[in-house]
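Inside the fold
Next come the chains, spelled out residue by residue.
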Amino acid sequence: MSMIFGVPTQALFGQLLLGLINGSFYAILSLGLAIIFGLLNIINFAHGALYMMGAFVAWMLLTYVGLGYWWALGLAPLVVGIFGVVLERVLIARLYKLDHLYGLLLTFGLALIIQGLFRNQYGVSGLPYAIPPELSGGQRLPFMFLPNYRAWVVVASLTVCIATWLVIEKTKLGAYLRAATENPTLVQAFGVNVPLFLTLTYGFGVALAGFAGVLAAPIYSVNPNMGADIIIVVFAVVVIGGMGSIIGSVITGFALGLVEGLTKVFYPEASATVIFVIMVLVLLVKPAGLFGRTA
Amino acid sequence: MADTAAIDVAPIAAALPTRRDDKALHRMIFVGIALLLIAAPMVLYPVYLMKVLCFALFALAFNLLLGYGGLLSFGHAAYFGMASYLCAYTAKSLGFTPELAILSGTATAALFGLVFGSLAIRRQGIYFSMITLALAQMAFFFSLQAKFTGGEDGIQAVPRGNLFGVFSLADDRAMYGLVCVVFMAGMLLIYRIIHSPFGQVLKAIRDNEPRAISLGYRANQYKLAVFVLSATLAGLAGSTKAIVFQLASLTDVHWSMSGEVVLMTLVGGMGTVFGPIVGALVIVTMETYLAQFGAWVTIIQGCVFVLCVLLFREGIVGLVAKLIRKPL
Amino acid sequence: MVGRLIGSVSLAALAGALMMGGASAQTNVKIGILGDRSGAYSDISGEGSVVAAKLAVEDFKPAEHGLKVEIVSADHQNKPDVGAGIARQWYDRDGVDMITDGVTSSVALAISQVTKEKNKVFIDTGAGTADLTGSQCTPNTIHWVYDTVALANGTGGAMVKRGGNTWFFLTADYVFGQTLQRDTSAVIVKNGGKVIGSVKTPFPTSDFSSFLLQAQGSGAKVIGLANAGTDTINSIKQAGEFGITEGGQALAGLLVFSSDVHSLGTKVAQGLVLTEPFYWDLNDQTRAFSDRFSKQMKGNSKPTANHAGVYSDVLHYLKAVTETKSTADGAATVAKMKSIPTDDPLFGKGTIRADGRKIHDMYLFEVKKPAESKGEWDLYNKLETIPGDQVFRPLNEGNCPLVKG
């Protein structure tokens, strides 16, 4: 068996694949953050809480209504998206004329409230959510055992990311969106309803977080704190990527998943910090981030 | 789109320049605070008061950066917490006297401030906030894994020791005296910084960075300087807290601590001299007396955040300042 | 303030009965339940501990023993400074005589220090650190339910005896995880087993798949989970996904509570082996207690070992106070508690050692298969009873200054 730095090549393949799977979550979450930031200029601190909410809605659909995973995959993002629309209309819309910092503070407060409410209602041990029967089991690849569900996560996340990118880059709707990001006043002058645009964008961005939550439910513990820790990592991903482009956030997400996967093999103790270390390095060399346009 | 909007951090301080009679008012308030501090332990529980004072100093330090530097750090727990670890460690394991332990903790915070600050000031606005948050997270992981911090158990049973090797701090009243002195010194120092030429330049950079640069000021050096000052004073607060409570733990480096200090400053009024003190008083009191409500504490904190941002951006002291039309 | 009033209303009825009896020498006792009511451990601590303490007072019938008991509760939010602050204030101003629960090691150690300084009583049920009865033991603290050494001894020793003699550890990379791994490894080696590898996982980690693959590749018979809480839940959940147990490897949880297993469900957790000192379905007495407990809990949840511990220690504390007739000297009360043997419906007969360690039996459990489980709380099969004198750390190995070498 051939070896790379003392690790069998085959095991390395396995770990890279796993890294890609983790990267899928980073990619969807940072994509949502990037879209919201691009148009609303708001760093959505509540993103992690809404990711958690997606997972919980999936659990509630199953427990209270009896609708399974596939329904949840469609409905949960919709529920989270609608919730986001309400948040944007009632609260966030009042802040557009103020400094960005207030957006950060408001969404931080919202995250505390949402997490607190779920904790009150459902405790913290987490809730069971099974892998759908169609996707249980796995494939015995030459280098590893790949659970079907993990393969599905990569496929689903890639599909969603590419579809989002296509909509933004290739459709008329996307053209308005990009234009509104550049110069909202001008776009409004052309008769486009910019406030509606902002609302829908926020709704869509958080729906992505809800979608990631449903994807995560069968493999991670469904508990009220699940979003709180991942959000800080995603922030670092966003800083590294630079939020200059939609595709940039997706690529950075997947790439950092890979890097993290490799770290887990060579130096597992550092795998939680490696993304932050990379962030520091990127800041030293390229302060605007890998895909950022200006500092 | 918000790029065009003026940064309205500290609307009061910016709108009303400090005049001579304002300084007299401030002096009276300082004296008032000092008298209150002397009277308070007769009515209120000294340990609770010491906690309020430590957090008030922490919030004051944070406000120096946010209110006067215009920089929102979301990682101030790193300086507060690392200082408290170092202070607890030197006091317990190396047998330092309290004042030396506090100094070593404070110096650690200054060092961290210098390293993190020089990275973070490379970006502005929310990027700056996110970077400080991420760096603080690294400090958290370090504290969790390092041997000397005791992991999740923290450093416990830190001796209060004898001040200058002579005065015992074991009694709460003696300890309270020291905390009062530290707090007053920190507060007056911050007041001095704000009203010095250095503080004036800071405000100019906060309000319009390109203009300040075009006037020949090296904005980044000023920003770094205020960052380090703020981190150092946060460290002073953290070290003192470690001696008061005789422990240092992960709570102090966790990101929720960073959030809490933002909340204190916001509630009290950012960019006001006295706001953070009121904010710390409100939040610590809430935490102490709402402890029985369990999970509702975070929900209430979240609601306070939302309400402050939406309706109450001046904070308590900012509102009072607006009413009496004087900067506070 | 309001919360304190609510807390104290509870036992007014009992006090009333006493008043009518006109007893002259009545001792007032105030018990503080200081636990986690909002954070990561609120399911094993939280409101359940208050319910358990109230049931204990109800069963003790304080009026008949010349006592008047009041219960207060608060949330230490898993912050040591908050916990120590509340404890100080309770002792200094609110007249609390004894604090129990105290989940989370860092908070427990802090409360223990304050309790010693104020000469009151602290009975810890929820924290895992064995330092409470080791290097940081005090004459005012008793450690009631379990500690990490006992869990390591229980699971490690029993697994090796049952044939699981090669181990691979997934260890949470901080003091707690490392201590757990060290203690368990020592037991494994002593019993003739072998540790063939380990991986340090950052804390907290949500994705364990990479580490599980390394464990799978090692070929060890047992994968030891030296972690806690959400980390444990995530690693068990993902082990199921990667077919670890189907591949013939056993999972051993070193710190798992019934509430964790309940949250995983038997489908995912089946086959997991763990040690606990209490399970609601052990015998008629535990079932009767658990029924009463569930009726007062949101979601009708069953008591965890920590809740049972609060019930049991409050009973024993009240017994001791009945004899001392005073709560003034905490160390004297603890000495009295150590001198009388413990006996209650949940843990049976036991003793309290000089270092403050409460000794009782522990049990090795295996999580049932979904087909065997008759309800959402029907979780364990009992594999073995581990006698108390074998499972806890020997008295002379803890470096407790109270134990004279």
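It should be noted that the structure appears before, not after, this text.
For clarity, every value in this text was computed on a predicted model and none was experimentally measured. (Residues numbered from 1 in each chain as written. Chains lettered and ligands numbered in written order. Predicted model: local features only at pLDDT ≥ 70, side-chain atom pairs only at ≥ 80, totals over all residues.)

Overview of the overall build of chain C
In plain terms, the rule: Each helix is a run of DSSP H or I of at least 4 residues and each strand a run of E of at least 2, with the numbering of both proceeding from the N terminus. When we talk radius of gyration, it's over C-alpha atoms, and the globule rule is simply 2.2 Å times the number of residues to the 0.38. Here the C-beta atoms are placed from the backbone, and a residue counts as buried if at least 20 other C-beta atoms lie within 10 Å of its own, exposed if 12 or fewer do, and partly exposed otherwise. It is the C-beta atoms, placed from the backbone, that decide contacts: two residues are in contact if theirs lie within 7 Å.
The number of helices and strands found in chain C is 15 helices and 15 strands. Relative to the 2.2 N^0.38 estimate, which gives 22 Å for 405 residues, the radius of gyration of chain C is 21 Å and therefore close to what a compact globule would have. Taken along the three principal axes of its C-alpha coordinates, chain C extends 70 × 50 × 35 Å. Within chain C, buried positions represent 64% of all 405 residues. The contacts in chain C between residues at least 6 apart in sequence include a share of 71% that link residues at least 24 apart.

Re the sheet that holds strand 1 (residues 27-35) of chain C
Hydrogen bonding along the main chain pairs the strands of a sheet, whether they run parallel or antiparallel. Residues and elements named next belong to chain C. Inclusion rule: Two strands form a pair only when DSSP identifies at least two bridges running between them. Note on geometry: axes are lines fitted to C-alpha atoms, helical ones only across the stretch in contact, with angles between N-to-C directions running from 0 to 180 degrees.
Overall, parallel pairing links the 5 strands, which are arranged 2-1-3-4-5 in an open sheet. Two strands in the sheet have a free side with no partner beyond their single neighbour: strand 2 (67-75) and strand 5 (141-143). On average, adjacent strands in this sheet sit at an angle of 20° to one another, irrespective of strand direction. Bridge count between strand 3 (residues 98-101) and strand 4 (residues 121-124): 4 bridges; the pairing is parallel. Looking at the pairing, Thr100 lines up with Ile123 of strand 4.

Describing the sheet that holds strand 11 (residues 342-344) of chain C
Residues and elements named next belong to chain C. Strand order in the open sheet made by the 3 strands is 11-12-13, with antiparallel pairing throughout. Because the sheet does not close on itself, it has two edges, and the strands there are strand 11 and strand 13 (358-359). With 2 bridges connecting them, strand 12 (residues 348-352) and strand 13 associate as antiparallel partners. Note that in strand 13 the partner of Thr351 across the bridge is Ile359.

A short note on the packing of helix 6 (residues 172-182) of chain A against helix 8 (residues 194-216) of chain A
All names here are of chain A. Where we set the bar: Roughly parallel here means an angle under 35 degrees, roughly antiparallel means over 145, roughly perpendicular means 65 to 115, and every remaining angle is called oblique. Residue classes follow a fixed rule: Ala, Val, Leu, Ile, Met, Phe, Trp, Tyr, Cys and Pro count as nonpolar, while Asp, Glu, Lys and Arg count as charged, and any other residue, Gly among them, counts as polar.
Packing of helix 6 against helix 8 leaves a shortest axis separation of 11 Å and a crossing angle of 105°. Classed by the angle they form, the pair helix 6 and helix 8 counts as roughly perpendicular. On helix 8, the residues that touch Tyr176, Leu177 and Ala180 of helix 6 are Val194, Phe197 and Thr201. Residue composition of the contact of helix 6 with helix 8, by class: 5 nonpolar, 1 polar and no charged.

A few points about helix 6 (residues 125-145) of chain B
Worth spelling out the cut-off: Take the number of residues in a helix, subtract one, and multiply by 1.5 Å to get its expected span.
Taking 1.5 Å per residue as the helical rise, helix 6 of chain B with its 21 residues ought to reach 30 Å, and the 31 Å between its terminal C-alpha atoms agrees with that figure. Burial runs high along helix 6 of chain B: 18 of the 21 residues are buried.

Brief notes about the interface of chain A and chain B
Each partner contributes residues to the interface: chain A has 38 residues there, and chain B has 35 residues. At the level of secondary structure, the elements contributing two or more residues to the side of chain A that touches chain B comprise helix 4 (100-122), helix 9 (226-241) and helix 11 (274-285) of chain A. With 16 residues, the single largest contributor to the side of chain A that touches chain B is helix 4 of chain A. When the residues that make up the side of chain A that touches chain B are grouped by side-chain class, the tally is 27 nonpolar, 7 polar and 4 charged.

Quick notes on the packing of helix 2 (residues 47-65) of chain A against helix 3 (residues 69-90) of chain A
All names here are of chain A. Put simply, the rule reads: Handedness of a crossing is defined here by the sense of rotation of the near helix relative to the far one, left-handed for an anticlockwise turn of less than a right angle and right-handed for a clockwise turn.
Remark: helix 2 packs on helix 3, axes separated minimally by 9 Å, with the N-to-C direction vectors making an angle of 130°. Compared by their axis directions, helix 2 and helix 3 come out oblique. In this structure, helix 2 meets helix 3 at a crossing whose hand is right-handed. Residues Leu50, Met53, Gly54, Val57, Ala58, Leu61 and Leu62 of helix 2 lie in contact with helix 3, whose contacting residues are Trp71, Ala72, Leu75, Ala76, Pro77, Val79, Val80 and Gly84. Broken down by class, the residue content of the contact of helix 2 with helix 3 amounts to 13 nonpolar, 2 polar and no charged.

Describing the interface of chain B and chain C
Listed per partner, the contact involves 27 residues of chain B and 33 residues of chain C. No other element matches the 3 residues that helix 3 (residues 46-67) of chain B contributes to the side of chain B that touches chain C. For the side of chain B that touches chain C, the per-class residue count stands at 12 nonpolar, 11 polar and 4 charged.

Digging into the environment of Ala209(A)
Considering the arrangement of structural elements, one finds Ala209(A) in helix 8. Once residues lying within four places of it in the same chain are set aside, the contact partners of Ala209(A) are Leu29(A), Gly32(A), His47(A), Leu50(A), Tyr51(A), Gly54(A) and Val80(A).

Regarding the environment of Phe208(C)
All names here are of chain C. Inspection of the secondary structure assignment puts Phe208 in the loop between strand 7 (194-201) and helix 8 (209-218). Using a count of 28 C-beta atoms within 10 Å as the deciding quantity, one classes Phe208 as buried. In this structure the C-alpha to C-alpha distance between Phe208 and Lys237, which are 29 residues apart in sequence, comes to 9.4 Å. Setting aside residues no more than four positions away along its own chain, Phe208 makes contact with Leu170, Thr201, Asn234, Ser235 and Gln238.

Some details on the pairing of strand 8 (residues 222-226) of chain C
All names here are of chain C. Counting buried positions along strand 8 gives 5 out of 5 residues, so the element sits mostly inside the fold. Side chains Val222, Gly224 and Ala226 of strand 8 all project onto a buried face; the interleaved residues Ile223 and Leu225 project onto the opposite face, where all are buried too. Examined bridge by bridge, strand 6 (residues 166-172) and strand 8 share 5 bridges and lie parallel to one another. Looking at strand 8, one finds that Thr171 is bridged to Ala226.

Some remarks on unusual backbone geometry
Residues and elements named next belong to chain C. If you check the backbone angles, Thr104 has positive phi at about 80° while not being a glycine. Along the chain, Thr104 turns up in the loop between strand 3 and helix 5 (105-118). Within the chain, Asn399 stands out as a residue other than glycine whose phi angle is a positive 60°. The topology assignment puts Asn399 in the segment after helix 15 (388-391).

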